[in-house]
Amino acid sequence: MARLDAALAIAKLGTFDWNVRTNQVLLDQRSREMLGFPPHEPVTARDIFERIDPRDLDRVSTEVQAAREQQASLETEYRIKHPDGTIRTLISISNAVMGTDGGLERMIGVFNDVTERRRVEALLRAERDRSRGILDSMGEGFVLVGPDFQVLDINGAALRIENRPRGEIVGRSFWEAWPGSEEAELGRLCKQVMTERVPGRLVHEYVWPDGHRAWLELRVYPSQDGLALFMRDVTQQKQAQAANAHLAALVAASGDAIMSFAPDGTILSWNAAAEQVFGHTAEEAIGQKVSILVPEDHAHEPNQFFARVRAGEVVTFESVRRRKDGSLFEAALSLSPMQSSEGEVIGVSAIARDMTDRNQREKSLRDSQRRLNAVLNNATVAIFLMDDRQHCVYMNAAAERLTGYTLPETLGRPLHEVIHHTRPDGSHFPLEECAIDRAFPEEHQTQGEEVFVHKDGSFYPVAFTASPIQDEGSRPIGTIIEVRDIRAEKQAQVDQRVLINELNHRVKNTLATVQSIAAQTLRNASSTQEAKGALEGRLFALSRTHDVLTRESWDGADLYDIAAQAVEPYSNRSEDRLHLTGPHVRLPPRMALALAMAFQELATNAVKYGALSMAGGEIRITWEVDPADARTELHLCWEERGGPPVEAPARRGFGTRLIERSLAQDLGGDVRIEFAPTGVVCTVAAPLNGS
């Protein structure tokens, strides 16, 4: 037992004995120190679990529960919160002990405080990560090779060049990682540096297993017992060298000014076109500084751009340059590095083009385009342009307003699929059936009417003219479409048809009314003079009512206006004999005409025989609207007072019959005339809804 304690002490292990039935845990002194329990203090499993870091508690609880259920051993790692405020990392290893009844009785094991070990491991990981970060931040590829040519490490830049995962390279021999390299120039260089411990350099074209090629600059240095290999992709530099060689062959025949400069800006070469552009001969220019070509306010440009070129960059820009005579011109310039066979930038190659004429043409074109856009955007008709694929390339402001789409929303899309894809019945409208799109393949102008689909999904009719656009060779290259919204025209046509039908109907009704009035008047008149007066009065009443309806576009009339118009000939500002009382009620045309004729008859009788035949007589016209059941009903009363005593006539005249029969029929209601001694009373009850 003493030897076991000594071994545990050396290993810094603490022991525990957990009685799972009583939940009591026996801890030795080292375990108590690890967990922070005072000597001799009773400890339960719950006490220990309460000290486990919440980040680990659920996992450990699950693992312990599983071990108990399976009566199995358990090894787990977790963090605890020590009473001294520190976080410690422990590993516990336990075995299950069965009781005499065959069930789990105890879990016996050890605690190992690995806090310091984990701290050191974290520091080592951080150091490795820092080293890895330094390597991966390098712009050049880096490969570390051991004395036995085993690849020990490779950085991110090298992996990007290789386009392979780290696992295919690290841990293998150099010759396995790069098959075929041992006997190649690269292998000979690496072996030489390994043996002689002297750095070496190589630029060669490397062919990857997948067949793609690239030029690499490889620099190999001895490193401790192995090698440090740096690699850089110089494919672009090699391509630039080839381009420079090709450019040199074209310099003499080029129409652009082609020059070369030393890194300090001294002119080294000068072609014939440069003499034409700048005015300096080659003898005058070569050996001079670039400053003779640059105006003072652009003097900073050579140093700025040459520095970028010396770094391997190709620079293109537009600026202003100076001729020999001092005149200035707009120039487009391209600067490229000139490199030695080793890839070193040894100068600057420059191409200059006089842009004065081109810029003037472009300005004229922009001005023309601006004027054209002003015309198109000011046009009230929609204008679309389609290319040879029937894709929209332009639409003016009127087209945007018409369709609801903006030009960016339609640009590059088949115009048919944007605004003409569906028929009003919801069915698909195929492109091949579209008359507009036939203008391009059939190469002739097409006109007609179609129905477009607005962005909001609504349909609207349009008139269109589609014409093919042709190039200089009379080949069709697109279509221009002029579209006009004809919704107002279509509605005007509908309104015109309705108006004509309504006019026919009203003329027929008016003629029928006049015919009926004339027939009844002539039949009941005792003399020609009487017939003439009665007929004129009734026709005037009909005319005045027509005036009211005409002012309202025959959409109806207000009852007050109808009544006022009927009695207006009998009113006098000095007398208060006519009284109209009631709310504003909108009457349909048929009802307005019927009531106007009735008011005319009643007023005529009142003048001849009733209240208006005497100075003190008066007429009251009152009405109200009564909502009854499902329909609104009008109740109207014509009441005369102050006239001569009234007696019921022995025979009903035309006027009475006109009111009682025709009015009731036209109104679809009930009309009554009472000959009360105090004056005539006419009552009307008629529905307003559906009249």
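Please read these numbers as outputs of a predicted model, since none were measured by experiment. (Residues numbered from 1 in each chain as written. Predicted model: local features only at pLDDT ≥ 70, side-chain atom pairs only at ≥ 80, totals over all residues. Heavy atoms only, no water.)

Visitor: Can you explain the sheet that holds strand 6 (residues 104-113)? Please cite residues and give values.
Guide: The strands that make up a sheet are held in pairs by hydrogen bonds between backbone atoms, and each pair lies either parallel or antiparallel. The sheet built from six strands is open, its strands ordered 3-2-1-6-5-4 with antiparallel pairing. Looking at which strands have only one partner, the edges of the open sheet turn out to be strand 3 (43-44) and strand 4 (74-81). (Pairing = 2+ DSSP bridges. Helix = DSSP H or I, 4+ residues; strand = E, 2+ residues; numbered from the N terminus.)

Visitor: Can you tell me about empty space enclosed by the protein, naming the residues and giving the values?
Guide: In this structure the tally under the stated criterion is six cavities of 30 Å³ or more. Empty space within the largest cavity amounts to approximately 220 Å³. Mapped by element, the contributors of at least two residues to the lining of the largest cavity are strand 1 (13-19), helix 3 (45-50), helix 4 (54-70), strand 4, strand 5 (87-98) and strand 6. Taken together, the residues that form the lining of the largest cavity break down as 13 nonpolar, three polar and no charged. Roughly 130 Å³ of internal volume is contained in the second largest cavity. Contributing to the lining of the second largest cavity are 14 residues, with Val-290, Phe-306, Arg-321, Leu-333 and Leu-335 lying nearest its centre. Going through the elements one at a time, strand 12 (257-261), helix 12 (301-310), strand 14 (315-322) and strand 15 (328-339) are the ones with two or more residues in the lining of the second largest cavity. (1 Å grid on protein atoms, 1.4 Å probe; cavity = no way out; pocket = protein on both sides within 12 Å on 5 of 7 lines; lining within 4 Å. Points joined across faces, edges and corners; volume = space filled by probe spheres on them. Nonpolar A, V, L, I, M, F, W, Y, C, P; charged D, E, K, R; others polar.)

Visitor: Help me get a handle on the sheet that holds strand 9 (residues 200-207), residues and values and all.
Guide: Pairing is antiparallel across the open sheet formed by five strands, whose spatial order is 8-7-11-10-9. For this open sheet the edge positions go to strand 8 (151-154) and strand 9, each flanked by a neighbour on one side alone. Taken over all neighbouring pairs, the strand axes of this sheet differ in orientation by 25 degrees on average, direction set aside. Relative to strand 10 (residues 213-223), strand 9 is paired through eight bridges, and the arrangement is antiparallel. Across the sheet, Leu-202 pairs through a bridge with Leu-218, a residue of strand 10. (Axes fitted to C-alpha atoms, helices over the stretch in contact; angles between N-to-C directions.)

Visitor: Could you give me a rundown of the pattern of salt bridges, with the residues and numbers involved?
Guide: With the rule as written, the count across this model stands at 38 salt bridges. Two residues, Arg-323 and Asp-354, come together in a salt bridge whose shortest N-O distance is 3.0 Å. Of this pair, Arg-323 sits in the loop between strand 14 and strand 15 while Asp-354 sits in strand 16 (residues 345-354); the two residues are 31 residues apart in sequence, bridging distant segments of the chain. Given the relative accessible area of 22%, Arg-323 is considered partly exposed. Residue classification places Asp-354 among the partly exposed positions, given a relative accessible area of 31%. Between Glu-618 and Arg-620 there is a salt bridge whose closest N-O contact spans 3.6 Å. Judged by its relative accessible area of 32%, Arg-620 is partly exposed. (Salt bridge = Lys/Arg side-chain N within 4 Å of Asp/Glu carboxyl O. Buried < 20%, exposed > 50% of the residue type's maximum accessible area, 1.4 Å probe, protein only.)

Visitor: Give me the lowdown on the packing of helix 20 (residues 559-567) against helix 21 (residues 589-608), citing residues and values where you can.
Guide: Closest axis-to-axis distance for the helix 20/helix 21 pair is 9 Å, and the angle between their directions is 30 degrees. With respect to helix 21, the element helix 20 is oriented roughly parallel. Here helix 20 runs over helix 21; the crossing is right-handed. Two secondary-structure elements touch here, helix 20 through Leu-559, Ile-562, Ala-563 and Ala-566 and helix 21 through Ala-592, Leu-595, Ala-596 and Phe-599. (Parallel < 35°, antiparallel > 145°, perpendicular 65-115°, else oblique. Left-handed = near helix turned anticlockwise from the far one by under 90°. Contact = heavy atoms within 4.5 Å.)

Visitor: Describe the packing of aromatic side chains, with residues and values.
Guide: As enumerated under the stated definition, the model contains 13 aromatic pairs in all. With 5.6 Å between their ring centres and 45 degrees between their planes, Trp-270 and Phe-278 make a pair best called tilted. The exposure classification of Trp-270 matches that of Phe-278, with both residues buried. Linked through ring pairs, Phe-149, Phe-174, Trp-175 and Trp-178 together constitute an aromatic cluster. (Phe/Tyr/Trp six-rings, centres within 6.5 Å; stacked < 30°, edge-to-face > 60°.)

Visitor: Got a sec to walk through the confidence of the model for the protein? Specific residues and values, please.
Guide: Confidence in the prediction of the protein, expressed as mean pLDDT, is 83, and 86% of residues score 70 or more. By mean pLDDT, helix 19 (residues 528-551) is the weakest element of the protein at 59, and strand 2 (residues 24-27) is the strongest at 94. (pLDDT = per-residue confidence, 0-100.)

Visitor: Just give me the short version of helix 13 (residues 356-378), but keep the residues and values in it.
Guide: For helix 13, with 23 residues, the first-to-last C-alpha span of 33 Å sits near the 33 Å given by 1.5 Å per residue. Turning to helix 13, its buried residues number three or more, namely Asn-359, Asp-367 and Leu-376. If you follow the buried residues of helix 13, they end up packed against strand 14, strand 15, strand 17 (382-387) and strand 18 (392-395). (Expected span 1.5 Å × (residues − 1).)

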